[in-house]
Amino acid sequence: MKIEQIYTGCIAQAAYYLESNGEAAIFDPLREVQPYIEKAAKDNAKIKYIFETHFHADFVSGHLDLAKKTGAEIVYGPTAAPEFDAIIAEDNQEFKVGNYTIRAIYTPGHTLESTCYLLLDENNNMHGIITGDTLFIGDVGRPDLAQALTSELTQEVLASHLFDSLRNKIMVLPDELIVYPSHGAGSACGKNMSKETTDTLGNQKKTNYALRADMTKEEFTAELLDGLGAPPAYFPQNVLMNIKGYDSLDNIIKKGITPLTAQQLEATANSTGAIVLDVRHENDFVKEHIPNSIFIGLHGGFAPWVGALIRDVNQPILLVTPEGKEEETITRLARVGFDNTLGYLKGGMEAWKAAGFETESIRSISPEEFAEGLVQNPITVVDSRKPGEFSNGHVVEAVNIPLDFVNERFAEVPSETDFYLHCAGGYRSVIMASILKARGYHNMINVEKGFGGIKNTTVQTVVNQAPSCSNS
């Protein structure tokens, strides 16, 4: 069977391309759809269907743009009610793509409309199953996302549905079936996903905690909900965009690719309340940046951190990017629904300085300087990693304020005295420092290379037995 996983690491998302006898189907496409169109053209195939496993929360699907550009029909599972034309499949309804058959299997639980797609080859043999967010490798989908839209669908209700779906619809399938999930490690749609992105169903029955044969529904629900942190704020906004529709990516890029002089950028920021988002490397941001700009670097977990920290997808955004990275930045913002990019600083920081505007910097030291300084001046150490990371090892007497929660925990940040700030490798601490500086904190000292570098110094560290709060 000709099926290809198209994995996008920065948001830990997998789309799938299936082709047979001149016809193709795309499953859970990303917002930038041209690569799928080009792939089908290379195969001399017409994209016939766009299958959606559910209304995604962590990214905006490309289903509408792809349907408009190719004439393909959009398919959802039972109970889905999109505000655009789509086929709402019945449970076990089959669709032909060339010589292949796709069977919709209704599997509510992650969301009420969640549906998996069983893949049958030209001989009608079962090959694999595209599981969306119902079944991951090593985990299953979180059941708490629908509650933001429908209060009756509590996490306990959906967990009960998910238990039944897994046991009655998926675990009864052959062990040799290949599981093709929509996400891998790093996605906030689950809590314990493997770095592997495919596996056999039989192996998952042996190794996935949620598929234990002797598990009761009560045990399943308790284990599934244990340690499940709050979903990122942008999730329900992305769901609504996927249900209601959105502007085309072409229009978003056309608007956002506007070059602005330093004077125009400042004027636009003042008149619109736009955030100046700096996506360069953290080392560049630390040296110099526009006052009150926020750093979230392209080379890290860019889009999820934008969604977790900026929160409102309608927030106007102005960009400072490495040269040539403007369109990529706008596209990656749009993947998670941030469509309101107003332009970028033409000429970057050099143009900003040439126009006579001031810059700011962040005090930043090496791990060795941190070790020496901590002995001479034992000031507060703020660790911006997640609670689980903190539990696995941290500087003695460090305060854990995860970057995820910086907006809720400003009161815990030292405001009168200097403090050290670090993360795991140097990326998240600079994000946090930029947010603190924008809020008027200028007393942090960033530790380069983070805890990874600190461990190689003489600084005393300690390991907790358990995290002080749930990992999220």
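Positions within a chain are numbered from 1, following the residues in the order the chain's sequence is written. Under the rules for a predicted model, residues below a pLDDT of 70 receive no local features and side-chain atom pairs below 80 are neither given nor counted, while totals for whole chains, interfaces and linings still include all residues. Heavy atoms from the whole structure form the basis of all side-chain values; hydrogens and water molecules are not counted.

Any carboxyl oxygen of Asp or Glu within 4 Å of a side-chain nitrogen of Lys or Arg constitutes a salt bridge here. Evaluated as defined, the whole model comprises 27 salt bridges. In this structure, Glu-288 engages Lys-353 in a salt bridge whose closest nitrogen and oxygen atoms are separated by 3.0 Å. Of this pair, Glu-288 sits in the loop between helix H9 (282-287) and strand S15 (294-295) while Lys-353 sits in helix H12 (residues 348-354), placing them 65 residues apart in sequence. Three labels apply to residues, based on accessible area from a 1.4 Å probe with only protein chains included: buried if under 20% of the type maximum, exposed if over 50%, partly exposed otherwise in between. Among the residues examined, Lys-353 registers a relative accessible area of 32% and is labelled partly exposed. Runs of H or I in DSSP of at least four residues are treated as helices and runs of E of at least two as strands, each being numbered from the N terminus.

On to the packing of aromatic side chains, then. In this analysis, rings of Phe, Tyr and Trp, with Trp reduced to its six-membered ring, are considered paired at centre separations within 6.5 Å, and the interplanar angle assigns stacked below 30 degrees, edge-to-face beyond 60, and tilted for intermediate values. Under the definition given, this model contains 16 aromatic pairs. Both rings, one in Tyr-49 and one in Phe-51, keep their centres 5.4 Å apart while their planes meet at 45°; by these two values the pair is tilted. Neither Tyr-49 nor Phe-51 differs from the other in exposure class; each is buried. Between the aromatic rings of Phe-370 and Tyr-420, the centroid separation amounts to 4.8 Å while the plane-to-plane angle is 90°, which identifies the pairing as edge-to-face. Remark: Tyr-420 occurs in strand S22 (residues 419-422) and Phe-370 occurs in helix H13 (residues 367-376); sequence separation between them is 50 residues. On the basis of relative accessible area, Phe-370 is assigned to the buried category, the value being 0%. Given a relative accessible area of 6%, Tyr-420 falls into the buried group. A network of ring pairs unites the aromatic residues Phe-27, Tyr-49, Phe-51, Phe-95 and Tyr-117 as a single cluster.

UniProt positions are given in the numbering used here, feature names are shortened, and annotations may be inferred rather than shown by experiment. When the UniProt feature table is mapped to this numbering, "domain: Rhodanese" (unreviewed entry) covers residues 270-361 and 375-463. The span residues 375-463 is 27% helix and 19% strand, and its two end C-alpha atoms sit 20 Å from each other.

Moving on, we get to helix H5 (residues 217-225). Residues of H5 that are buried include every one of Phe-220, Thr-221, Leu-224 and Leu-225, and no others. Viewed end-on, H5 has its buried residues packed into an arc of 110°, placing them on one side of the element. Tucked into the core, H5 has its buried residues touching helix H3 (155-170). Downstream of H5 by a residue or two, Gly-227 has a phi angle that is positive, lying close to 75°. As used here, the arc is the angular range of directions from the helix axis to the C-beta atoms. When checking whether two residues touch, look at their non-hydrogen atoms; a contact exists if any pair is within 4.5 Å.

Here we come to the nonpolar core. Note that soluble globular proteins tend to have their nonpolar side chains buried in a common cluster. Residues Leu-277, Ile-296, Phe-338, Ile-431 and Leu-436 are the most contacted members of the largest nonpolar core, which totals 75 residues. Contacts of Ile-296, omitting those with residues within four sequence positions, involve Leu-277, Asp-278, Val-279, Phe-302, Trp-305, Val-306, Tyr-427 and Ile-431. Within the second largest apolar cluster, 24 residues are counted, among which are Leu-173, Val-179, Leu-201 and Met-215. The definition of a nonpolar core used throughout is a set of buried Ala, Val, Leu, Ile, Met, Phe, Trp, Tyr and Cys residues joined through side-chain atoms within 4.5 Å.

This paragraph deals with the sheet that holds strand S6 (residues 87-88). When DSSP finds two or more bridges between two strands, those strands count as paired. Strand order in the open sheet formed by six strands is S1-S2-S3-S4-S5-S6, and the pairing between neighbours is mixed. Looking along the sheet, the strands with just one partner apiece sit at the ends: strand S1 (3-8) and S6. Relative to strand S4 (residues 46-51), strand S3 (residues 23-27) runs parallel, the two being bridged by five bridges. Looking at S4, one finds that Ala-24 is bridged to Ile-47.

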